[in-house]
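Spelled out from the first residue to the last, the chains are:
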Amino acid sequence: MAARGKKLINDPNDVVTQFIEGLAETYPGLQYLDGFPEIKVVLRSDVVVGTYDKVAVICGGGSGHEPAHGGFVGQGMLTAAVSGDVFTSPPVNSILAAIRAVTGPKGCLLVVTNYTGDRLNFGLAAEEAKSEGYKVEMVIVGDDCALPPTQGIAGRRGIAGTILVNKVAGAAADAGLPLEEVAEQARHASKLVGTVGVALSVCTLPGQETSDRLGLEQIEFGLGIHGEPGFAVTELQPVDVVVTRVLKQILSPETRYVPITRGDRVILLTNGLGATPVMELMIATRKAVRELQLEYGIATDRVYTGSFMTSLDMQGFSISIMKSDATILRCLDASTKAPCWPAGSNGDRQKPAKISVPAPPSCAMKSDKMLRQSRELTKEGCILEASIEAGANEIIKIKDSLNEWDSKVGDGDCGTTMYRGAIAILDDMKKCYPMNDAAETVNEIGATVRRVMGGTTGILYDILCKAAYASLKGIKTVEAKHWANALQASIDAISKYGGARVGYRTMHDALIPASEILRERLEAGDDPLDAFIVSSEAAMTGAESTRHMQAQAGRSSYIAADKLASAPDPGAMAVAAWYRAVALSLWSMSSHSKS
């Protein structure tokens, strides 16, 4: 059963006038004629009635296709746009008002989409304006390739390709060309463009019921921008398949909708129909560019993607292809102040769309000779390697415990995430960690973690490693005090970007007590190994204390306090585990060396 469509409007009868008022408030270069409700005309605010010294370009039609046409009014494009009611041709008086408001001695060009109502109303207005002494030319755009080339006397409909014709005409007029040449360039452009649209849904008119003509799993090819039925309805298909069919329809050698053949260059316009996300439009554009090149031998000179001529809230898109030439490109690239023409779209592509990802030099990228040298470990390198291995193995051992705790206070994957990082560290350390350089090794651990861990945990550990690297960099012989400074630098960095503090039920509740005790014992002159052992006990105590904390950061902050008491914070427990494993490893190696 059809339901009334939901709209963010007031009175359905006022949507067009209120849209125009909002448009003019948004863009200072636009204004409108004070002739509501019959006369709905948007025009350039810098054009003085009767004195405009260039050809005026006017387009228009029924409303509901925004931003067309009011959004394309501006220097270098349209001088005025005439709006009818939703999907209704504007009346003759509105068109005449626009002509009188912006046409100077050089005359005006009317660009008209090929619908019977538009042709008749604009045609009658043109004749009336001529009788008043105005110079007027009219160009009809019929770019729809969904209809047979010989579609009775009505002909092919004017749809999104009209936007490209408007840009060509506006640029020619802005260049100061006479009316006859502006009209000729617009006619030339209109003959070179073809369009086909597809939709997943039919649009809903303000105040009316939503059509159920298309099922949830159906897509329609060739429907009009007012919801008119198309030439085919099929089951929903991947967008690559849809684009292939659309291009085949436009470029059909049998129908010859457009004079485009292999080896030509074209302009591509992918147009959203009102309710299509930009992501989906870009995916369609990606396929269209590749298909044109690989299957048709056609290169794209310009690509425009966005919503240019919509159909209210229709979900779908259209593709327009225009044959390119020097005149067309010059006009498309000409500057314009029309607010809805895409900024940053002018000029040839000077570089390929895809380039290699730049990467900073890392140990993994060094020469074989350097890697061999880095594997000839010094005493300090051996100690660092053993410490890293001990910490990683401890994380692997407690994977299930971390997951169990996290299932009670988070999303249940802390152990799996940490395990993934530990396994990768053990793998990479045998291949490319320069163990004789503590700073670079810490930096490489960060690179490993970034690559494999992901999520909040991964980025926090990467920040930790980067801050420690910056603290250790340039120090030839890294001593206990340097590691203490690096730990503090890491904590500061995580606090800066993550926002957590002691008592927030995070990894800080293990890191900060460890750092404080380590610095305190080292400054008191304790043996560094004793200091590390005592600080590791502080880390574990801090991690265990998180059972009694209300989380103020991370996913645990969404959990009730009574449920949090059932488990410690898994992130803090992970820190305490690897930190204590490293400290015990250092103690063990020291004991063996003494014996």
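Data block above holds the structure.
Just so we're clear, the structure is a prediction, and the values are computed from it rather than from any experiment. (Residues numbered from 1 in each chain as written. Predicted model: local features only at pLDDT ≥ 70, side-chain atom pairs only at ≥ 80, totals over all residues. Heavy atoms only, no water.)

## A look at the sheet that holds strand β6 (residues 136–141)
The strand order across the open sheet formed by 6 strands is β1-β2-β4-β3-β5-β6, and the pairing between neighbours is mixed. In this open sheet, the two strands that pair with only one neighbour each are β1 (30–32) and β6. Across the sheet, the mean angle from the axis of one strand to that of its neighbour is 25°, orientation sign disregarded. Pairing geometry for strand β3 (residues 56–63) and strand β5 (residues 108–113), over 5 bridges, is parallel. Note that in β5 the partner of Gly 60 across the bridge is Val 112. Where helix α2 (residues 92–102) meets the sheet, its contacts fall on β2 (41–44), β3, β4 (80–86) and β5, and the angle it forms with β4 comes to roughly 165°. (Pairing = 2+ DSSP bridges. Helix = DSSP H or I, 4+ residues; strand = E, 2+ residues; numbered from the N terminus. Axes fitted to C-alpha atoms, helices over the stretch in contact; angles between N-to-C directions. Contact = heavy atoms within 4.5 Å.)

## Some remarks on a negative patch on the surface
Residues Asp 11, Asp 14, Glu 21 and Glu 25 make up a contiguous surface patch of negative charge. Checked against the element boundaries, Glu 25 lands in helix α1 (residues 15–26). (Patch = residues over 30% accessible without salt bridge, like charges linked within 9 Å, V, L, I, M, F, W, Y side chains within 5 Å. Areas by Shrake-Rupley, 256 points an atom, 1.4 Å probe, with all protein chains shown as cover. Salt bridge = Lys/Arg side-chain N within 4 Å of Asp/Glu carboxyl O. Lys, Arg positive; Asp, Glu negative; His and termini not counted. Charge placed at Lys NZ, Arg CZ, Asp CG, Glu CD.)

## What about the environment of Ile 140?
Relative to the elements of secondary structure, Ile 140 occurs in strand β6. Residue class for Ile 140 comes out partly exposed when judged on its relative accessible area of 31%. Separated by 21 residues in the primary sequence, Ile 140 and Arg 119 place their C-alpha atoms 7.7 Å from one another. Among residues more than four places away in sequence, those in contact with Ile 140 are Val 112, Asn 114, Arg 119 and Ser 190. (Buried < 20%, exposed > 50% of the residue type's maximum accessible area, 1.4 Å probe, protein only.)

## Here's the deal with helix α8 (residues 326–333)
Taken as a whole, α8 has its buried residues at Ile 328, Leu 329, Cys 331 and Leu 332. Seen along its axis, α8 keeps its buried residues to an arc of 165°; they face one direction. Every exposed residue of α8 that faces more than 90 degrees away from the buried side is listed here: Ala 326 and Arg 330. Lining the buried residues of α8 we find α4 (161–174), α5 (179–191), β10 (265–272), β11 (299–306) and β12 (316–323). A side-chain oxygen of the first residue of α8 lies 3.1 Å from the backbone nitrogen of Thr 327; this N-cap is Asp 325. (Arc of directions from axis to C-beta. Polar contact = N/O pair within 3.5 Å; in protein donor to acceptor, adjacent residues only side chain to side chain.)

## As for the pairing of strand β8 (residues 218–221)
Both strand β7 (residues 193–199) and β8 contribute to a ladder of 2 bridges, which runs antiparallel. Note on β8: the bridge partner recorded for Ala 199 is Glu 220. Relative to strand β9 (residues 232–235), β8 runs antiparallel, the two sharing 4 bridges. When the sheet's bridge partners are listed, Phe 221 is paired in β9 with Ala 232.

## A word on empty space enclosed by the protein
In this structure the tally under the stated criterion is 2 cavities of 30 Å³ or more. In this structure, the largest cavity spans a volume of roughly 90 Å³. Forming the boundary of the largest cavity are 15 residues, of which Ile 159, Gly 197, Leu 223, Ile 225 and Ser 318 lie nearest the centre. Looking at the lining of the largest cavity, the element that brings in the most residues is β7, giving 3 residues. Here the second largest cavity is characterised by a volume of approximately 60 Å³. (1 Å grid on protein atoms, 1.4 Å probe; cavity = no way out; pocket = protein on both sides within 12 Å on 5 of 7 lines; lining within 4 Å. Points joined across faces, edges and corners; volume = space filled by probe spheres on them.)

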